[in-house]
Amino acid sequence: MIKCPVCRRMFINKDRVVLDIYNSITHQDCFTGHVSTIKDFSSYSNIINSYSIFADVKSPTR
Ligand SMILES: [Zn+2]
């Protein structure tokens, strides 16, 4: 499971999140980095399913 590095809460699928160029995920509301470091933003479930780097954090029942 991945936690938000800012608020330390576990992400849930419907959370709106930011994926930055370092491949770290932060809530959109928690993100304080520069806009130029944003790689993608969507719901947590969308991000996890769109990038193979997160394959090992996917639910086994996908
Ligand atoms: Zn957060």
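Below is a short write-up of the structure.

So, how was this worked out
- Residues numbered from 1 in each chain as written.
- Predicted model: local features only at pLDDT ≥ 70, side-chain atom pairs only at ≥ 80, totals over all residues.
- Helix = DSSP H or I, 4+ residues; strand = E, 2+ residues; numbered from the N terminus.
- Rg over C-alpha atoms; globule rule 2.2 N^0.38 Å.
- Buried ≥ 20, exposed ≤ 12 C-beta atoms within 10 Å, placed from the backbone.
- Pairing = 2+ DSSP bridges.
- Axes fitted to C-alpha atoms, helices over the stretch in contact; angles between N-to-C directions.

1. Description of the overall build of the protein
Working step 1: A count of helical and extended segments in the protein gives one helix and three strands.
Working step 2: Each helix and strand of the protein, placed in order from N terminus to C terminus, yields the pattern β-β-β-α.
Working step 3: Compactness check: the protein gives a C-alpha radius of gyration of 11 Å against a globular reference of 11 Å for 62 residues, within 12% of the reference.
Working step 4: Expressed as a percentage of the 62 residues in the protein, the buried residues total 16%.

2. Topic: the pairing of strand β1 (residues 16–20)
Working step 1: In this sheet, strand β3 (residues 38–43) lies alongside β1 in antiparallel orientation, the contact comprising five bridges. From the neighbouring strand, R16 faces β3, where its bridge partner is S43.
Working step 2: With three bridges connecting them, β1 and strand β2 (residues 25–27) associate as antiparallel partners. Each residue of the ladder has a partner; that of L19, found in β2, is I25.

3. Side note on unusual backbone geometry
Working step 1: Positive phi outside glycine occurs at R8, with the angle close to 70°.
Working step 2: Turning to its location among the elements, R8 is positioned in the segment before β1.
Working step 3: Residue R8 is classed as exposed on the basis of its 8 C-beta neighbours within 10 Å.
Working step 4: A positive phi angle is found at N23, which is not glycine, with a value near 60°.
Working step 5: Tracing the chain through its elements places N23 in the loop between β1 and β2.

4. Some words on the sheet that holds β1
Working step 1: Taken together, the three strands give an open sheet; going across it, the order is β2-β1-β3, and neighbouring strands pair in antiparallel fashion. In the strand order of this sheet, the two ends are held by β2 and β3, each with one partner. The mean angle between the axes of side-by-side strands here comes to 30°, regardless of whether they run parallel or antiparallel.

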